[in-house]
Amino acid sequence: MIIVLKPQITKKEETAVLREIRRRGYRPHIMRGVARTVIGAIGDEQTHQTLETLINWSQVESVMPVQKRYKLVSREAHPTDSTVSVRGNVIGGKKFHVMAGPCSVESEEQLMAVARAVKTAGATFLRGGAFKPRTSPYEFQGLGQKGLKLLAKARAETGLAVITELLSEDHAELVAEYADILQIGTRNAQNFQLLIAAAKTGKPILLKRGMSMRIEEWLLAGEYVLSNENPNLLFCERGIRTFETYTRNTLDLSAIPIIKQESHCPVIIDPSQGSGRADLVIAMCKGAVAMGADALLVEVHPDPAKAWSDGAQQLTPDLFARLMTDIQPLLAAVGRE
Ligand code: PEP
Ligand code: MN
């Protein structure tokens with residue numbers, strides 16, 4: 001910790017702070033400047049009383065941590081990019097992945113139609129919600145286990161790996177039985193017991209950014225996965241809530257280079273929740289590829305106008321095929337396949 005003392009404090013007041021730092025089990029290192037004195041306190045915060053509360057002392061101006069609060073997700077802990085392997089697909093390596101499918105699994109006919117179309121266009125993962133986190137309790141809540149079974153059926157037919165959302169600790173085993181990747185949604189991104197339960201299934205976790213989450217909080221939420229013996233974590237930016245009303249959320253593409261600097265985990269972009277508008281999705285995907293994302297998570301529906309959820313943002317299979325073509329030159333430009 002770095003403790004900055006207020007200017008013009010007496011020698012006696014300074015000594016009292018130093019005594020308290022030692023009493024709490026830290027070794028103080030004093031740096032005297034012209035205007036003020038700064039103390040570097042050396043010791044282990046996990047096993048000693050925190051020094052943060054020194055901010056309440058009248059002679060202390062500020063208290064700042066030296067180390068980052070996240071450890072296992074940080075690039076310091078793992079300087080090279082980590083990869084997540086799912087059914088032979090390596091996410092975070094040279095190959096770029098596209099995960100596509102409907103917002104919600106609605107029926108066998110709907111899911112199979114999308115699965116075949118996105119597979120043909122080059123997707124490697126099928127997305128689809130069976131348990132849906134709807135803002136209103138009166139909206140479609142998902143098909144539950146029936147939806148999971150349909151996802152497994154689509155995987156068996158197409159070979160696409162399956163990513164689907166886990167909403168509740170009670171369903172962790174059930175969803176893990178069918179899914180290849182567990183998605184933790186924006187509304188649950190800081191539901192720590194859910195994150196622990198998801199991590200403990202051993203399945204890779206795609207952690208969406210909470211819609212009001214700072215990047216540090218998102219990294220710390222990811223720390224819950226890695227610190228529960230699950231190394232397979234994907235960070236997914238899906239837009240944050242801002243004052244802007246032209247889009248449903250503001251897709252924060254700066255999260256890509258920031259997460260890449262701070263962490264070794266792969267970064268996925270969801271332009272569908274990120275904009276709420278099908279007409280913006282292709283452009284945002286291009287931006288994501290150019291900025292170094294490792295994969296995309298895109299909503300596709302055979303007939304978006306009739307979708308049971310998120311109709312305005314889902315691509316038709318034709319538009320999805322165009323997206324897959326349009327990103328090819330960008331992938332080549334950033335050295336991805
Ligand atoms: C979704 O992917 O359909 C979804 C509900 O995502 P989010 O949690 O980002 O809103
Ligand atoms: Mn959706």
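Just above, that's the structure.
Read on for a plain summary of the structure.

What counts as what
Every chain's residues receive numbers from 1 upward, in the order its sequence appears when written. Working convention: letters from A go to chains and numbers from 1 go to ligands, in the order in which they are written. Residue-level local features of this predicted model are given only where pLDDT is at least 70; pairs of side-chain atoms are given and counted only at 80 or more, and the full residue set underlies all totals for whole chains, interfaces and linings. With hydrogens and water stripped out, all remaining heavy atoms of the structure feed into the side-chain values. A 2.8 Å cut-off from the metal defines N, O and S donors, relaxed to 3.2 Å for Na, K and Ca; water is not in the atom list, so some sites may appear incomplete. Secondary structure follows DSSP: runs of H or I at least 4 residues long count as helices, runs of E at least 2 residues long count as strands, and numbering of each begins at the N terminus. Throughout this description, buried means an accessible area under 20% of the type-specific maximum (1.4 Å probe, protein chains only), exposed means over 50%, and partly exposed covers the range between. Between N-to-C directions, angles span 0 to 180 degrees; the directions come from axes that are lines fitted to C-alpha atoms, helices contributing only their stretch in contact. Crossings are assigned a handedness: left-handed for a near helix turned anticlockwise from the far helix by less than a right angle, right-handed for a clockwise turn. In this analysis, two residues are considered to be in contact whenever any of their non-hydrogen atoms come within 4.5 Å of each other. Under the scheme applied here, ten amino acids are nonpolar (Ala, Val, Leu, Ile, Met, Phe, Trp, Tyr, Cys and Pro), four are charged (Asp, Glu, Lys and Arg), and all others, including Gly, are polar. We call a residue near a given molecule or strand whenever any one of its heavy atoms falls within 4 Å of it. Under the rule applied, a polar contact is a pair of N or O atoms within 3.5 Å (in protein, one hydrogen donor and one hydrogen acceptor; residues adjacent in sequence only if both atoms are side-chain atoms). Here the open area of atoms and residues is found with the Shrake-Rupley method and a 1.4 Å probe, where only the protein chains shown may cover a residue. In the cavity and pocket records, a cavity denotes points on a 1 Å grid over the protein atoms alone where a 1.4 Å probe fits but cannot get out, a pocket denotes an open set with protein on both sides within 12 Å along at least 5 of 7 lines, and lining residues are residues with an atom within 4 Å of a point. A cavity or pocket is said to hold a molecule if more than half of that molecule's atoms lie within 2 Å of its grid points. Here, a strand pair is defined by DSSP locating no fewer than two bridges between the strands. Orienting the strands away from the viewer, one traces the path from the first strand over the helix to the second; a clockwise path indicates a right-handed crossover. Here the expected span of a helix is defined as 1.5 Å times the quantity of residues minus one. Two aromatic rings, drawn from Phe, Tyr or Trp (for Trp, its six-membered ring), form a pair once their centres lie within 6.5 Å of each other, and the interplanar angle then sorts them: stacked below 30 degrees, edge-to-face above 60, tilted otherwise. Grid points are joined across faces, edges and corners, and a volume is the space filled by probe spheres set on the points.

**Some words on the coordination of the manganese ion (ligand 2)**
Put simply, the ideal angle at a metal is 109.5 degrees for four donors in tetrahedral geometry and 90 or 180 degrees for six donors in octahedral geometry.
For step 1, the next point in the chain: Bound to the manganese ion (ligand 2) on the protein side are Cys-103 (SG), Glu-299 (OE) and Asp-310 (OD), at distances that span 2.0 to 2.4 Å.
For step 2, the next point in the chain: Donor residues for the manganese ion (ligand 2) sit on one chain with the sequence pattern C-x195-E-x10-D. Here Cys-103 is found in the loop between β7 (97-101) and α2 (108-121), whereas its partner Asp-310 is found in the loop between β14 (295-299) and α10 (317-326), with 207 residues between them in sequence.
For step 3, the next point in the chain: The exposure class assigned to Cys-103 is buried, which follows from its relative accessible area of 2%.
For step 4, the next point in the chain: Asp-310 gets classed as buried once you look at its relative accessible area, which sits at 18%.

**Here we look at the packing of α2 against helix α3 (residues 145-158)**
For step 1, the next point in the chain: Two elements in contact, α2 and α3, have axes separated by 10 Å at closest approach and are oriented at 35 degrees. Between α2 and α3 lies a crossing of right-handed hand. Note on element contacts: α3 touches α2 through Leu-150, Leu-151, Lys-153, Ala-154, Glu-157 and Thr-158, opposite Glu-108, Leu-111, Met-112, Ala-115, Arg-116 and Lys-119.
For step 2, the next point in the chain: Considered class by class, the residues forming the contact of α2 with α3 number six nonpolar, one polar and five charged.

**Comments concerning the site of ligand 1**
For step 1, the next point in the chain: Inspection of the region around ligand 1 gives 13 residues, with Arg-127, Lys-132, Thr-186, Lys-208 and Arg-238 positioned closest.
For step 2, the next point in the chain: One of the side-chain N or O atoms of Arg-187 is found 3.1 Å from an oxygen atom in ligand 1.
For step 3, the next point in the chain: Glu-299 places a polar side-chain atom, nitrogen or oxygen, 3.1 Å from an oxygen atom of ligand 1.
For step 4, the next point in the chain: Taken by itself ligand 1 offers 300 Å² of open surface, and the protein chains cover 97% of this.
For step 5, the next point in the chain: At a threshold of 2 Å from the grid points, most atoms of ligand 1 map onto the second largest pocket.
For step 6, the next point in the chain: A per-class count over the shell around ligand 1 returns two nonpolar, four polar and seven charged.

**Focus on the side chain of Asn-89**
For step 1, the next point in the chain: For Asn-89, the position within the fold is in strand β6 (residues 89-91).
For step 2, the next point in the chain: A relative accessible area of 13% places Asn-89 in the buried class.
For step 3, the next point in the chain: The contact partners of Asn-89, leaving out residues within four places of it in the chain, are Val-84, His-97, Thr-124, Phe-125 and Ala-161.

**What about the sheet that holds strand β10 (residues 181-184)?**
For step 1, the next point in the chain: Taken together, eight strands build a closed barrel; the order of strands is β7-β8-β9-β10-β11-β12-β13-β14 and the barrel is parallel. Neighbour to neighbour, the strand axes of the sheet diverge by 25 degrees on average, direction disregarded.
For step 2, the next point in the chain: As judged from the three bridges shared by strand β8 (residues 125-127) and strand β9 (residues 161-165), these two strands associate in the parallel manner. The residue of β9 that forms the bridge with Leu-126 is Val-162.
For step 3, the next point in the chain: α3 rests against β8 and β9 of the sheet, and its axis sits at about 160 degrees to β9.

**A short note on the side chain of Glu-14**
For step 1, the next point in the chain: Its place among the elements puts Glu-14 in helix α1 (residues 11-23).
For step 2, the next point in the chain: For Glu-14, a relative accessible area of 7% puts it in the buried group.
For step 3, the next point in the chain: Separated by 2.8 Å, the side chains of Glu-14 and Arg-32 make a polar contact.
For step 4, the next point in the chain: Setting aside chain neighbours within four positions, we find Glu-14 in contact with Leu-5, Ile-9, Arg-32 and Thr-37.

**Points about unusual backbone geometry**
For step 1, the next point in the chain: The phi angle at Glu-229 is positive, at roughly 60 degrees, despite the residue not being glycine.
For step 2, the next point in the chain: On the secondary structure map, Glu-229 appears in the loop between α6 (215-226) and β12 (233-237).
For step 3, the next point in the chain: Unusually for a residue other than glycine, Asp-310 sits at a positive phi of about 50 degrees.

**Structural notes on the pairing of β9**
For step 1, the next point in the chain: Extensive coverage of β9 is indicated by the burial of five of its five residues.
For step 2, the next point in the chain: Covered by surrounding structure in β9 are Ala-161, Ile-163 and Glu-165 together with Val-162 and Thr-164, the residues of both alternating faces.
For step 3, the next point in the chain: Chirality of the crossover, the property in question, places the unit of β8, α3 and β9 among those that are right-handed.
For step 4, the next point in the chain: Between the parallel pair β9 and β10, the chain is carried across by helix α4 (residues 172-178), and the sense of this crossover is right-handed.

**Side note on α6**
For step 1, the next point in the chain: Over its 12 residues, α6 runs 17 Å from end to end, which matches the ideal 16 Å to within 8%, given 1.5 Å per residue.
For step 2, the next point in the chain: Tucked inside the fold, the buried residues of α6 contact α5 (192-200), β11 (205-208), β12 and α7 (255-262).

**Brief notes about the packing of aromatic side chains**
For step 1, the next point in the chain: In this structure the tally under the stated criterion is three aromatic pairs.
For step 2, the next point in the chain: For the ring pair Phe-140 and Trp-308, a centre distance of 4.8 Å and an interplane angle of 80 degrees mean the geometry is edge-to-face. Of this pair, Phe-140 sits in the loop between β8 and α3 while Trp-308 sits in the loop between β14 and α10, placing them 168 residues apart in sequence.
For step 3, the next point in the chain: On the numbers, 5.3 Å between centres and 80 degrees between planes, the contact of Trp-218 with Phe-235 is edge-to-face. A residue pair is termed long-range when its members are at least 10 positions apart, and Trp-218 in helix α6 and Phe-235 in strand β12 qualify at 17 residues. Of the two residues, Trp-218 and Phe-235, both sit in the buried class.

**Details of the layout of surface pockets**
Over the atoms rolls a probe the size of a water molecule, and in doing so it shows where empty space is left.
For step 1, the next point in the chain: Estimates place the volume of the largest pocket at around 530 Å³.
For step 2, the next point in the chain: What lines the largest pocket is a set of 17 residues, and nearest its centre among them are Glu-45, Gln-67, Lys-68, Arg-69 and Lys-71.
For step 3, the next point in the chain: For the lining of the largest pocket, the residue count by class is six nonpolar, four polar and seven charged.
For step 4, the next point in the chain: What the second largest pocket holds in volume is close to 340 Å³.
For step 5, the next point in the chain: Lining the second largest pocket are 22 residues, with Pro-133, Arg-187, Arg-248, Gln-273 and Asp-310 sitting closest to its centre.
For step 6, the next point in the chain: Across the lining of the second largest pocket, the residue classes tally to three nonpolar, seven polar and 12 charged.

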